[in-house]
Amino acid sequence: MSAVLIKLKLANPKEWSGQKLRDLTLASLFPAIGLAVFLVLWQLGAQQINTSLGTFPGPMQVVEQWNNLVDEHQHEMQREQAFYDRQEQRNTAMLQKNPEADVSWRDFNGRVTFFDQILTSLWTVLSGFFLATLIAIPLGIIIGLNKHIYNAINPIIQIFKPVSPLAWLPLVTLVVSAVYVSDEPIFSRAFLVSMITVTLCSLWPTLVNTSVGVGSVNQDLKNVSKVLRLGWLTYVIKVVIPSAIPMMFTGLRLSLGIAWMVLIAAEMLAQSPGLGKFVWDEFQNGSSSSLSRICVAVLVIGVIGFLLDRAMLFIQKWANWDKSTVAR
């Protein structure tokens, strides 16, 4: 009961101490000031830049195009709903006349909206990141536990780690086109090309940080495991992984950020569905609103990248056994 009262007290702003209010004010004030300064500089700088498509858009023009993109998405959703409603009414009428009538259902082939592109990019980047994690963490644990395996694999890591996605993309495209041949494919080739490119570019930070974390297990913990005669698998699960979690999640956060950057570049170059293709199409379109729409996409890409990092940080705090560790 006392714990509940304490929580209620903390949730009541009237009961907050002066120090807590000051901390909350400062925590909100400085980000607000930084954002305001950024918007002012953006507006002043945009007015001085004249491009072949007109004056560089300021914050108000970008907000206007954001609203237009929302309206376009809502309009397309209404068209989709109306399409399926008409189809259902037609088939219902046919079945009422003839219960054995052969009715057909067609999918709606409407225009892909900006928000559809966002969902496509998120699905692709999370798939590529998940595949990279499945490869990097087990391999990182193995090379972190064995110095000889590390010495054998480290040259390969150092060679492929700095390779640009623009270099991987043609190779991945050719390999997928040659290997992934099916009359009824489960995934599109464009999705596989982008996902594999993301995987190849984003697995290295997780791999390196996991191996470093595993290799840095405290010697006292190693000695205790020997005294307790822990088996290899038990030692890895009970000692190695918990000790390596901070370094492991550092690598995961770096990998996720790289995966998101790589995906946008891959979508632009390969013209596969997603935010990267949206940016490229608007650039090629060359209309008066294209610059504003590209700015909307840039801001959305940045916000999504920030949210992905915060989500990974939240998982790190939940998974870390040492709750006193400060993770930022």
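Described below are features of the structure shown in this document.

**As for a nonpolar patch on the surface**
Working step 1: Taken together, the side chains of Leu26, Leu29, Phe30, Ile33, Val37 and Leu41 define a hydrophobic patch exposed on the protein surface, amounting to about 560 Å² of accessible area.
Working step 2: Within the element layout of this structure, Phe30 appears in helix α2 (residues 18-46).
Working step 3: Owing to a relative accessible area of 55%, Phe30 belongs among the exposed residues under this scheme.

**Let's talk about the packing of aromatic side chains**
Working step 1: This model, assessed by the stated rule, comprises 10 aromatic pairs.
Working step 2: Plain terms: the ring middles of Phe114 and Phe115 are 5.5 Å apart, the flat faces sit at 75 degrees to each other, and that makes the pair edge-to-face.
Working step 3: Among the aromatic residues, ring-to-ring pairing joins Trp66, Phe114, Phe115 and Phe278 into one connected group.

**Regarding helix α10 (residues 275-285)**
Working step 1: Three or more residues of α10 are buried, namely Leu275, Gly276, Phe278, Val279 and Glu282. All buried residues of α10 project into a common sector of 165 degrees when viewed along the axis, lining one side.
Working step 2: At the exit of α10 stands Gly286, carrying a positive phi of roughly 70 degrees.

**Digging into the nonpolar core**
Working step 1: Counting residues in hydrophobic clusters, the biggest one holds 51 residues, and the most contacted among them are Phe114, Ile118, Trp260, Leu275 and Ile304.
Working step 2: Those elements that provide at least two residues to this core are α2, α3 (59-97), α4 (114-145), α6 (165-179), α7 (189-215), α9 (232-270), α10 and α11 (290-319).
Working step 3: If you tally residues by element for this core, the top one is α9, at 16 residues.
Working step 4: The residues contacting Ile118, other than those within four sequence positions of it, are Leu275, Val300 and Ile304.

**Topic: unusual backbone geometry**
A negative phi holds for most residues other than glycine; trans holds for most peptide bonds.
Working step 1: If you check the backbone angles, Gln271 has positive phi at about 55 degrees while not being a glycine.
Working step 2: Structurally, the position occupied by Gln271 is in the loop between α9 and α10.

**Some thoughts on the environment of Asp220**
Working step 1: On the secondary structure map, Asp220 appears in helix α8 (residues 219-227).
Working step 2: Once the C-alpha coordinates of Asp220 and Gly251 are considered, the two residues, 31 residues apart in sequence, prove to be 25 Å apart.

**Structural notes on the environment of Ile241**
Working step 1: Structurally, the position occupied by Ile241 is in helix α9.
Working step 2: Judged by its relative accessible area of 28%, Ile241 falls in the partly exposed class.
Working step 3: The sequence separation of Ile241 and Gly213 amounts to 28 residues, and the corresponding C-alpha distance is 8.6 Å.
Working step 4: Residue contacts for Ile241: discarding those within four places in its chain leaves Ile141 and Val236.

**Quick word on the pattern of salt bridges**
Working step 1: Counted according to the given criterion, the structure contains seven salt bridges.
Working step 2: We note a salt bridge from Arg293 to Glu72, for which the minimum N-O separation is 2.5 Å. Here the residue Arg293 occupies a position in helix α11, and Glu72 occupies one in helix α3, the gap between them amounting to 221 residues.
Working step 3: With a relative accessible area of 23%, Glu72 lands in the partly exposed category.
Working step 4: Note that Glu282 and Arg293 form a salt bridge whose closest N and O atoms lie 3.9 Å from each other. Of this pair, Glu282 sits in helix α10 while Arg293 sits in helix α11, and the two are 11 residues apart along the sequence.
Working step 5: In this structure Glu282 comes out as buried when scored by relative accessible area, which is 10%.
Working step 6: Arg293 sits in the buried class, given a relative accessible area of 11%.
Working step 7: Here the residues in one salt-bridge network are Glu72, Arg111, Glu282 and Arg293, joined through shared partners.

**As for the side chain of Thr210**
Working step 1: Tracing the backbone through its elements, the reader meets Thr210 in helix α7.
Working step 2: Excluding its chain neighbours within four sequence positions, the residues that come into contact with Thr210 are Ile137, Gly140, Ile141 and Met248.

Basis of the calculations
- Residues numbered from 1 in each chain as written.
- Predicted model: local features only at pLDDT ≥ 70, side-chain atom pairs only at ≥ 80, totals over all residues.
- Heavy atoms only, no water.
- Patch = residues over 30% accessible without salt bridge, like charges linked within 9 Å, V, L, I, M, F, W, Y side chains within 5 Å.
- Areas by Shrake-Rupley, 256 points an atom, 1.4 Å probe, with all protein chains shown as cover.
- Salt bridge = Lys/Arg side-chain N within 4 Å of Asp/Glu carboxyl O.
- Helix = DSSP H or I, 4+ residues; strand = E, 2+ residues; numbered from the N terminus.
- Buried < 20%, exposed > 50% of the residue type's maximum accessible area, 1.4 Å probe, protein only.
- Phe/Tyr/Trp six-rings, centres within 6.5 Å; stacked < 30°, edge-to-face > 60°.
- Arc of directions from axis to C-beta.
- Core = buried A, V, L, I, M, F, W, Y, C linked by side-chain atoms within 4.5 Å.
- Contact = heavy atoms within 4.5 Å.

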